[in-house]
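Chain by chain, the residues:
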Amino acid sequence: MMSLERLELAAGLPICRILNGLWQVSGAHGRIDREKALASMAVHADDGFTTWDLADHYGPAEDFVGEFRRRRAAEHGGSALVDLQFLTKWVPRPGPMPPSVVEAAVGVSRRRMGMETLDLLQFHWWDYGDRRYLDALSHLADLRDAGAIRHLALTNFDTEHLATILDHGIRVVSNQVQFSLIDRRPERRMAPLCGERGVHLLAYGTVCGGLLSERYLGQPEPRAGALDTVSLQKYKRMVDAWGGWPLFQELLTTLRAVAHRHGVSIAAVAIRWVLDRPAVAGAILGRRLGLADHRADDARVFTLMLDAEDHTRIEAVLAKSRDLFTLIGDCGDEYR
Ligand SMILES: NC(=O)c1ccc[n+]([C@@H]2O[C@H](COP(=O)([O-])OP(=O)(O)OC[C@H]3O[C@@H](n4cnc5c(N)ncnc54)[C@H](OP(=O)(O)O)[C@@H]3O)[C@@H](O)[C@H]2O)c1
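Parameters and conventions
- Residues numbered from 1 in each chain as written.
- Predicted model: local features only at pLDDT ≥ 70, side-chain atom pairs only at ≥ 80, totals over all residues.
- Heavy atoms only, no water.
- pLDDT = per-residue confidence, 0-100.
- Helix = DSSP H or I, 4+ residues; strand = E, 2+ residues; numbered from the N terminus.
- Salt bridge = Lys/Arg side-chain N within 4 Å of Asp/Glu carboxyl O.
- Buried < 20%, exposed > 50% of the residue type's maximum accessible area, 1.4 Å probe, protein only.
- Near = heavy atom within 4 Å.
- Polar contact = N/O pair within 3.5 Å; in protein donor to acceptor, adjacent residues only side chain to side chain.
- Areas by Shrake-Rupley, 256 points an atom, 1.4 Å probe, with all protein chains shown as cover.
- Contact = heavy atoms within 4.5 Å.
- Axes fitted to C-alpha atoms, helices over the stretch in contact; angles between N-to-C directions.
- Parallel < 35°, antiparallel > 145°, perpendicular 65-115°, else oblique.
- Expected span 1.5 Å × (residues − 1).
- Pairing = 2+ DSSP bridges.
- Right-handed = clockwise from strand over helix to strand, strands pointing away.
- Left-handed = near helix turned anticlockwise from the far one by under 90°.
- Nonpolar A, V, L, I, M, F, W, Y, C, P; charged D, E, K, R; others polar.

A. Seen up close, the confidence of the model for the chain. Residues with a pLDDT of 70 or more make up 100% of the chain, whose mean pLDDT is 97. When pLDDT is averaged over each element of the chain, strand S9 (residues 200–204) comes out on top at 99 and helix H10 (residues 295–300) at the bottom at 97.

Given below as structure tokens:
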């Protein structure tokens, strides 16, 4: 097993600070072969990348987890599952949220993943005008207290609504938000509140779907049609809003120089930079299981320390970008 940084996300829930993101098995990021994907999950876990981020709507992700767990338990015994963490999400359509609806949804994830108790459930809500998110969360908290969920968390909530939830006495462990060299919105209001109230951030979009890598350095601006995953398309739009392709090339050139100093990749620098931000517990890296493998590169993130000179160089480029907080709003506002 590689020596990877771990952190206690909540009592009894240690995670690897680089999490395996399973949106990439949903079908919109290339064709995923089930057997190859399951084999890839096993080698990630064997190497210490033990923490998985998924959702009810990421295609077969929850079923993959169920099958992976069954096979691993059959091969190595039930104790082999103890050191693995599976963080799923519930993303309901807005509507009435009586206990029966909430319990049924949690039941589906428990069945699919083959888990009596879910490690962590992250809740998303599309419409703040509909205050029934508080009903849903209070029933989820009851289910947690009854043992169906170990820990409750959020995804894509803004600072104001995170504060509202906490003020209602609902305990949440973390909020999952977009956070990268390109998207620094969480630094503005979210991270300070998280620091005050003891909530962790889980970051996604850390390498912008792969744009923050050598692959795009020195390349002409890709047309939307040339980007073959929805992740790349999503973050290319972010890059456009942030400052455009020429400034992005300047950032990649600077990151390559920093990466060179430390003998790592551009992606490793981008991931380390996010992991070192206040309130950030982990970075979720999209895994195209069976199609690509970045374990060796990602392990180097944990030996990398960015120094003042690195930060000064990077900051000089970021200072030229537009302010996404003003353009888009707080965390998650792009979904609403
Ligand atoms: N809560 C939400 O709304 C939300 C939204 C988006 C994502 N997420 C979560 O975050 C995860 C990450 O997804 P994302 O779309 O934000 O993508 P991402 O992690 O920014 O990008 C993943 C892609 O980056 C490329 N890459 C280049 N260097 C890498 C390296 N060293 N390590 C890993 N990948 C590298 C890979 O491309 P190749 O495969 O081509 O090599 C990989 O497919 C998702 O799976 C999901 O769990 C959550």
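Having seen the model, we can carry on.
B. Structural detail: the pattern of salt bridges. Taken as a whole and assessed by the stated rule, the structure comprises 33 salt bridges. Residues Arg112 and Glu62 are paired through a salt bridge, measuring 3.3 Å at the closest nitrogen-oxygen approach. Here Arg112 is found in helix H3 (residues 99–113), whereas its partner Glu62 is found in helix H2 (residues 61–76), with 50 residues between them in sequence. Classification of Glu62 as buried rests on a relative accessible area of 0%. With a shortest N-O distance of 2.9 Å, Asp130 and Arg132 are connected by a salt bridge. Taking the relative accessible area as the measure of exposure, Asp130 reaches 11% and is therefore buried. Arg132 sits in the partly exposed class, given a relative accessible area of 32%. Residues joined by salt bridges that share partners form a network here, namely Arg34, Glu35, Glu67, Arg70 and Arg71.

C. A look at the site of the ligand. Residues in close proximity to the ligand total 31 residues, the closest being Gln24, Asp53, Ser231, Tyr235 and His294. Note that an oxygen atom of the ligand is positioned 3.4 Å from one of the backbone N or O atoms of Val207. In this structure, an oxygen atom belonging to the ligand sits 2.7 Å away from a side-chain N or O atom of Tyr235. Summarising the interface, the protein chains cover 95% of the accessible area of the ligand, which totals 900 Å² for the free molecule. Counting only elements with at least two residues in the shell around the ligand, the list comes to helix H7 (230–242), strand S10 (280–286) and H10.

D. A look at the side chain of Asn175. Positionally, Asn175 belongs in strand S8 (residues 174–178). At a separation of 2.9 Å, a polar atom in the side chain of Asn175 contacts the main-chain carbonyl oxygen of Phe157. Those residues in contact with Asn175 that lie beyond four places of it in its chain are Leu154, Thr155, Asn156, Phe157, Met190, Val199, His200, Leu201 and Leu202.

E. Fine view of the packing of helix H8 (residues 245–262) against helix H11 (residues 308–318). The geometry of H8 relative to H11 is characterised by a closest axis approach of 9 Å and an angle of 175° between their N-to-C directions. Comparing their axes, H11 and H8 come out roughly antiparallel. From H8, Leu247, Glu250, Leu251, Thr254, Leu255, Ala257, Val258, Arg261 and His262 reach across to H11, where they touch Glu309, Asp310, Arg313, Ile314, Val317 and Leu318.

F. Representation of H8 within the structure. Its 18 residues place the ends of H8 26 Å apart at the C-alpha level, agreeing with the 26 Å of an ideal helix rising 1.5 Å per residue. Along H8, the positions that sit buried rather than exposed are Trp245, Leu247, Phe248, Gln249, Leu251, Leu252, Thr254, Leu255, Val258 and Ala259. Immediately beyond the C-terminal end of H8, within one or two residues, lies Gly263, with a positive phi of roughly 65°.

G. Representation of the pairing of strand S6 (residues 118–123) within the structure. Judged by how many residues are buried, S6 sits mostly within the fold: six of six residues are covered. With four bridges joining them, strand S5 (residues 85–90) and S6 adopt parallel strand pairing. By the bridge assignment, Trp90 is partnered in S6 with Phe123. Read as a crossover between parallel neighbours, the route from S5 over H3 to S6 is right-handed. Taking the sense of rotation as the criterion, the β-α-β connection linking S6, helix H4 (residues 133–146) and strand S7 (residues 149–155) turns out right-handed.

H. Spatial organisation of the environment of Phe86. Following the sequence through the fold, Phe86 ends up in strand S5. Taking the C-alpha atoms as reference points, Phe86 and Met113, separated by 27 residues in sequence, lie 8.8 Å from one another. In contact with Phe86, not counting residues within four places along its chain, are Trp52, Leu54, Val65, Phe68, Arg69, Met113, Met115, Asp119 and Leu120.

I. Highlighting the packing of helix H1 (residues 34–46) against H2. Where H1 meets H2, the axes come as close as 10 Å, and the angle between the chain directions of the two elements is 65°. Relative to H2, H1 is oriented so that their crossing is right-handed. Touching Arg34, Glu35, Ala37, Leu38, Met41, Ala42, Ala45 and Asp46 of H1 are Phe64, Val65, Glu67, Phe68, Arg71 and Arg72, all from H2. Of the residues belonging to the contact of H1 with H2, the class tally is eight nonpolar, no polar and six charged.

J. Broad picture of unusual backbone geometry. Even without being glycine, Asn156 reaches a positive phi, approximately 60°. Take Asn156: it is sitting in the loop between S7 and helix H5 (159–167). Under the relative-accessibility criterion, Asn156 is labelled buried at 6%. A positive phi angle, close to 75°, is found at Ala279, a residue other than glycine.

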